[in-house]
Structure formats: C-alpha cells, structure tokens
Amino acid sequence: MGGVPWKRVELAALVLYALGFYIVVIRKSLRLSHDYSGRLYGLRAGSLAGHLNDLSDAQWRNFRGNLPILTGVMAAFLILVNTLRYCYGLKGRGTALVWLILSLSYLCYLHGACVMFIILIALINYSMVKIFTHYKYCTSLIWSFNLSVLILNRVYEGYSFSLFGQNLAVLDNYRGTFRWHICFNFVVLRMISFGCDYCWTIHSSHFDHKKHMQKCQVCYSGKTCYFALQGLGVDRYTFLTYLCYLTYAPLYIAGPIVGYNAFAAQLEVPQKNYSFAQISSYGLRWILSFLLMEGMTHFFHYNAFVVSRLWQQLSPFEIFIISYGVLNFMWLKFFLIWRYFRFWSLVGGVETPENMPKCINNCHDLESFWKSWHASFNRWLVRYLYIPLGGSRRKLLSIWVIFTFVAVWHDLEWKLVSWAWLTCLFFIPEILVKSLSNKFQASSPLGMLVHREFKAIAGAVTISCLMVANLVGYVVGPSGIKVLISKMAGKEALPALAFIFTTFYVGVKLMFHIREASSSQQG
C-alpha cells in the first residue's frame, strides 16, 4: 500500500508539468503564427475570427477542397449499392459487379484515359499469378513484377500515350484530374496481396496457416486479423472480384489496406462488427476531429513555417515547437483522411483496419509507434514481407529490407531513403535493449524503480530519435538536417535541449500511468 500514495504524487506532478508545457507551447505558437503571418507561404483567408488558414500542405488542401464533391459521390454510391444489395439480395459476384461498375466510373473521372494503364497492368499481374502459381518461386515473381511496375511508374511519371505511338498521343489530353500512378501505389499492394494469397492457398500444404495466425495474434496484440486466409476456396479468386478489389472506390485513393481474402469474404457477407449506431458515432467523431483540425490550422501555422523555410530563423526552442506542431498536424491530417475513407467502406459493408488506433503523443517506442501509424500498412508488411523474410528470427536484418521498401513505395526520393535507414539505425538499439530488458526481471522495490526509470529515459531517447527521423523524411529533408544540427549543437541550445528531453521523459512517465490505469480497468 505504501507505493500507492507515491505514485499519486508522481502522477500529480507529471500532470502539472504537462499542463505548464502545453500552456507555454500554445502561447508561443500563437505568438509565432501572429508575428510571421505576413511572411508565411500557403496561408489563405480563414473563416474563424478573422484568422488566416494554413493550407500550405497540398495533400490536406486538396482533400479539404474536394470534400463536398467526394461526400456527394460517397452518398450516391452507398445509396445505390445498399439499395440493390437489400432489394435484390446481392452477394459475392453480384456485389462485386455493382461496385466494379461504380468504381470504374469513379476512376474514369479521376484518371481519364489512364484507366487503361491500370486495367492493363492488373490483367498482366492476374495472368501471371494464374499461370505461374504452381511454380516454387511464384511469390518472388509477383514481388519482382510489382516492384518493377512501382519504380517504372515513378520514373516515367505515369507514362505518356505518345510513348506507344503518335496515334495515341491525343489521349494525353484526357488524363483526368488526378495522377493515376500516385494512387497506383495502393493498387500494387493489393496486387501483391491477391497473388500471394492465391499462391499460398494453392500451396496450402507448404504454408503453416495455424503458425501464421499465431504470429498475427502476437503482432496485432489479439486484434482482428484483416489479412487472414478465412478459408477462401480457389473458385473465389476470380478476375471480377480481383478487379473490384483493386479499384474499390472507398479505399482506392488512400486505403486503409485490407487483404484480398478479407475483402472477398465481406462482399459475400457484409461486416457485422459495427452496428448502425456505432458507425454513426464514428462519423460524428470524425466531424468533431475535422473541426479540431480547422481550429488548429487557423490559429497555429506550423506547416507554413516548414514550407516557407522560416523555421531556420528561429531559436532552438522555437524550432522544437514548430517541429512538434508539424508532426501533430501530420498525424491529424492522416487520421482524418484515413478515417473518412474507412467510414465510407464501413457503410459499404467492408470493415478495414483502423490506420491510427493510437495518438502520436501516446507512443514511447518505435515498435508501438509503427503499429499505430498507418497500421493497416504495418499489418500488410507483417504478412507479406516480415514473416516470409523470417519473422523475429531475422528481425535485425529484415527491418532494413522492410523500411527500404516502405521508402521506395512512398516515392523515389533520397530524403525518404534517409528516413528509412535512420529509422533502422534507431530501431537496432531498441531491439537489443528490449531483448536484454526482457531477461532482467526486477523483484525488489528498488530494482523495479530503477527498471522503470531506465525505461522512461530510454523512451525519451526513442522519441527524440523518432522526431529526428520523421523530420528528415517528411519535413526538412537531408539538407535541412544540417541546419537543424547546427542550431541545436551550440551552447545556447543546451537549456532548450534539456527542457525538450525532460518533457519527453515526463511524457513517457505519463504513458506508463495511462497504461497501468487501462490494465487495472481491464483486469
């Protein structure tokens, strides 16, 4: 009982520090946004209290601007599909056919004549899978083909029709409103999923399904596996369902990613895990989160500082505030985009993984962070790359292959490759420390206290590394990191660095208390 009051005192002190930290950060952020508003790029006329709106992020600007049209399309598609499904009892192939017709019309609007590239590549992949599935190296062939397509799409910027003859050059005038090769990154993942699932089903005697599911449960902490085999018969791997899976409108642009088997099963029997009330609540919470984003971009112009490169003129502490704000903006942006399309898919009867199941501010190690950031992609990587490469037996080697693939999948840019390799470098000490920590079981109160403090310090170091890696990959780039280091390496930066590290330490300790409270409630 003696430990309970001590933990309560610690929790109170941590909460007071956190409140003080956020008061300082909010006040400083408001001041920076106000003082530099005339020099920041990407600010537009706002709708809240006369404040300018930070729309400097192209991805968020495009999503927000097209939201009314996108919502109208979503409503029309869902009304039509669900009406046909319930009036005529459509299942399986019938549902797939309806969704395929609607999805192809959707793609024609997005990509115009370039839809032909998508269908042609999809047809080649399907034919290759069906022809070579009985061969030993079928999955290697699938991976090689899809990686080649991924790289060539980027190198040739989606190809020009004139490359295939001047008679086709006129089609370059009808390329739609959205670059097809950007969206095709997700199609590549689906083509690999279909090919591997089909090969493993054919060679089921050589693929230990039970062992795989046990690994999935470990990796996903007991959550539903959206990439399970689910007992699909060979006759379910049809070209109709395959093409519907690749082009399924709710998930086409941004995901979340779901395996072929799980998708095909839900065409036959729509998801039942979410009731109408739960889906409605999900949509309402999305609206509230969108309003939070509107408030954030009106009052805090974090991303505009990065786009304008004005962060280079700030003090070390101010750079930390902008960096912290940008990472939170990125998290909320992807949270809103992915949850929007997941909501669309849920109403359409297909449940997918939640891409952002945990807040960015509630992760103190790299492993839990990557399980909670683009989680459906993480699960896809576990099933189709991590386990085939040897799983935990070759973890130190496989992470290099996985993160390099993730970087190339996003784009052919050195800053992303730098991000990938930095993440791997930071991952290796964490893996080794966790391995040693698991062997050390503290039994005395002093030993438990030392172990807890060591974990908190290690967590603070990990968060620092995670911020650096993500800033290099998605914010400042390899060239900007030199400026960042020069700013943070001087003596005048030492007080700011001490404050930053202390803040991360306090944050990790708060995460410990949150997890302990959650465990006691579940127990």
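All values derive from a computational prediction rather than experimental measurement.

**Some points on the overall build of the chain**
Right, so step 1: Within the chain, the secondary structure is distributed over 20 helices and two strands.
Right, so step 2: A globule of 523 residues ought to have a C-alpha radius of gyration of about 24 Å, and the chain, at 25 Å, matches this closely.
Right, so step 3: In terms of overall dimensions, the chain has a C-alpha envelope of 65 × 60 × 45 Å along the principal axes.
Right, so step 4: Here the chain holds 523 residues, and the buried ones make up 51% of them.
Right, so step 5: A sequence separation of at least 24 residues applies to 77% of the contacts in the chain between residues at least 6 apart.

**Brief notes about helix H15 (residues 375–386)**
Helical periodicity: at 3.6 residues per turn, an α-helix aligns residues three or four positions apart in one direction.
Right, so step 1: Over its twelve residues, H15 extends only 14 Å from the first C-alpha to the last, a length that falls short of the 16 Å expected when each residue adds 1.5 Å.
Right, so step 2: The buried fraction of H15 is high, at twelve of twelve residues.
Right, so step 3: Regarding H15, the residues found buried are Ala375, Ser376, Phe377, Asn378, Arg379, Trp380, Leu381, Val382, Arg383, Tyr384, Leu385 and Tyr386.

**Considering the environment of Ala496**
Right, so step 1: Residue position: Ala496 is located in helix H20 (residues 494–522).
Right, so step 2: Overall, Ala496 belongs to the buried group, its relative accessible area being 11%.
Right, so step 3: Measuring from C-alpha to C-alpha, the distance between Ala496 and Ala460 comes to 15 Å, with 36 residues separating the pair along the chain.
Right, so step 4: Beyond its immediate stretch of four places on either side in the chain, Ala496 contacts Pro316 and Phe317.

**What about the side chain of Asn362?**
Right, so step 1: Mapped onto the elements, Asn362 comes out in the loop between helix H13 (316–347) and helix H14 (366–372).
Right, so step 2: On the basis of relative accessible area, Asn362 is assigned to the buried category, the value being 18%.

**So, the nonpolar core**
Right, so step 1: Counting 151 residues, the largest nonpolar core has Trp99, Trp344 and Trp380 as its most contacted members.
Right, so step 2: Ranked by residues supplied to this core, first place goes to H13 with 20 residues.
Right, so step 3: The contact partners of Trp344, leaving out residues within four places of it in the chain, are Leu70, Val73, Met74, Phe77, Leu78, Trp99, Tyr106, Ala249 and Pro250.

**Some thoughts on the side chain of Ser345**
Right, so step 1: Here Ser345 lies in helix H13.
Right, so step 2: A relative accessible area of 0% means that Ser345 is categorised as buried.

**Regarding the packing of aromatic side chains**
Right, so step 1: By the definition in use, this model includes 61 aromatic pairs.
Right, so step 2: A centroid spacing of 5.9 Å and a plane angle of 25 degrees characterise the contact between Tyr156 and Tyr159, whose relative ring orientation is stacked.
Right, so step 3: Among the residues examined, Tyr156 registers a relative accessible area of 45% and is labelled partly exposed.
Right, so step 4: Taking the relative accessible area as the measure of exposure, Tyr159 reaches 14% and is therefore buried.
Right, so step 5: Considering the side-chain rings of Tyr248 and Phe263, the 5.1 Å spacing of their centres and the 65 degrees angle between planes classify their relative orientation as edge-to-face.

**Side note on the environment of Asp365**
Right, so step 1: Relative to the helices and strands, Asp365 is located in the loop between H13 and H14.
Right, so step 2: Distance from Asp365 to Leu314, taken between C-alpha atoms, is 29 Å for residues 51 residues apart in sequence.
Right, so step 3: Apart from residues no more than four positions distant in its own chain, Asp365 is found in contact with Glu430, Lys434 and Thr462.

**What to know about the packing of helix H3 (residues 93–111) against helix H8 (residues 239–247)**
The geometry of a pair of packed helices is captured by two quantities: the angle between their axes and the separation between those axes.
Right, so step 1: The geometry of H3 relative to H8 is characterised by a closest axis approach of 9 Å and an angle of 45 degrees between their N-to-C directions. Taken together, the axes of H3 and H8 are oblique relative to one another. When you trace H3 past H8, the crossing you get is left-handed. Mapping the contact onto sequence places Arg93, Ala96, Leu97, Trp99, Leu100, Ser103, Leu104 and Leu107 in H3 and Leu240, Thr241, Leu243, Cys244 and Thr247 in H8.
Right, so step 2: Taken together, the residues of the contact of H3 with H8 break down into nine nonpolar, three polar and one charged.

**Some thoughts on helix H16 (residues 395–410)**
Right, so step 1: Counted at 1.5 Å a residue, the expected span for H16 with its 16 residues is 22 Å, and the 22 Å between its end C-alpha atoms agrees.
Right, so step 2: Here H16 has its buried residues at Ser398, Ile399, Ile402, Phe403, Phe405, Val406, Ala407 and Trp409.

**Looking at the pattern of salt bridges**
Right, so step 1: A full pass over the atoms with the stated rule returns 13 salt bridges.
Right, so step 2: Glu10 is the salt-bridge partner of Arg452, the closest N and O atoms lying 3.6 Å from each other. In this pair, Arg452 is assigned in helix H18 (residues 445–474) and Glu10 in helix H1 (residues 3–35), connecting sequence segments 442 residues apart.
Right, so step 3: The class for Arg452 is buried, based on a relative accessible area of 12%.

**So, the packing of helix H4 (residues 115–132) against helix H6 (residues 180–202)**
Right, so step 1: Running from amino to carboxyl end, H4 crosses H6 at an angle of 15 degrees, the nearest separation of the two axes being 11 Å. In this view, H4 runs roughly parallel relative to H6, as classed from their interaxial angle. For the element pair H4 and H6, the recorded crossing hand is right-handed. Side by side, H4 and H6 meet where Phe117, Ile118, Ile121, Ala122, Asn125, Tyr126, Val129 and Lys130 of the first sit next to Trp180, Phe184, Met191, Phe194, Gly195 and Tyr198 of the second.
Right, so step 2: Of the residues in the contact of H4 with H6, the class split is eleven nonpolar, two polar and one charged.

**A short note on the confidence of the model for the chain**
Right, so step 1: The share of residues in the chain with pLDDT of 70 or more is 90%, and the mean pLDDT across the chain is 85.
Right, so step 2: Across the chain, the secondary-structure element scoring lowest on mean pLDDT is helix H7 (residues 209–219), at 41, and the one scoring highest is H8, at 96.
Right, so step 3: Ignoring residues within four places in sequence, the model shows residues 205–223, a span with pLDDT below 50, making 23 contacts including any to other chains.

**As for the environment of Leu67**
Right, so step 1: On the secondary structure map, Leu67 appears in helix H2 (residues 58–88).
Right, so step 2: Judged by its relative accessible area of 11%, Leu67 falls in the buried class.
Right, so step 3: Placed 439 residues apart in sequence, Leu67 and Val506 show a C-alpha to C-alpha distance of 38 Å.
Right, so step 4: With residues up to four places along the chain from it excluded, the contact list for Leu67 reads Trp286, Phe290 and Tyr340.

**As for unusual backbone geometry**
Right, so step 1: The peptide bond linking Gly255 to Pro256 adopts the cis configuration, its omega dihedral lying at 5 degrees.
Right, so step 2: You can see Pro256 is positioned in the loop between helix H9 (249–252) and helix H10 (260–268).
Right, so step 3: One non-glycine residue, His374, adopts positive backbone phi at about 55 degrees.
Right, so step 4: Looking at the secondary structure, you find His374 in the loop between H14 and H15.
Right, so step 5: Overall, the relative accessible area of 6% leaves His374 in the buried class.

Each value, and the rule that gives it
Residues numbered from 1 in each chain as written. Predicted model: local features only at pLDDT ≥ 70, side-chain atom pairs only at ≥ 80, totals over all residues. Heavy atoms only, no water. Helix = DSSP H or I, 4+ residues; strand = E, 2+ residues; numbered from the N terminus. Rg over C-alpha atoms; globule rule 2.2 N^0.38 Å. Buried < 20%, exposed > 50% of the residue type's maximum accessible area, 1.4 Å probe, protein only. Contact = heavy atoms within 4.5 Å. Expected span 1.5 Å × (residues − 1). Core = buried A, V, L, I, M, F, W, Y, C linked by side-chain atoms within 4.5 Å. Phe/Tyr/Trp six-rings, centres within 6.5 Å; stacked < 30°, edge-to-face > 60°. Axes fitted to C-alpha atoms, helices over the stretch in contact; angles between N-to-C directions. Parallel < 35°, antiparallel > 145°, perpendicular 65-115°, else oblique. Left-handed = near helix turned anticlockwise from the far one by under 90°. Nonpolar A, V, L, I, M, F, W, Y, C, P; charged D, E, K, R; others polar. Salt bridge = Lys/Arg side-chain N within 4 Å of Asp/Glu carboxyl O. pLDDT = per-residue confidence, 0-100.

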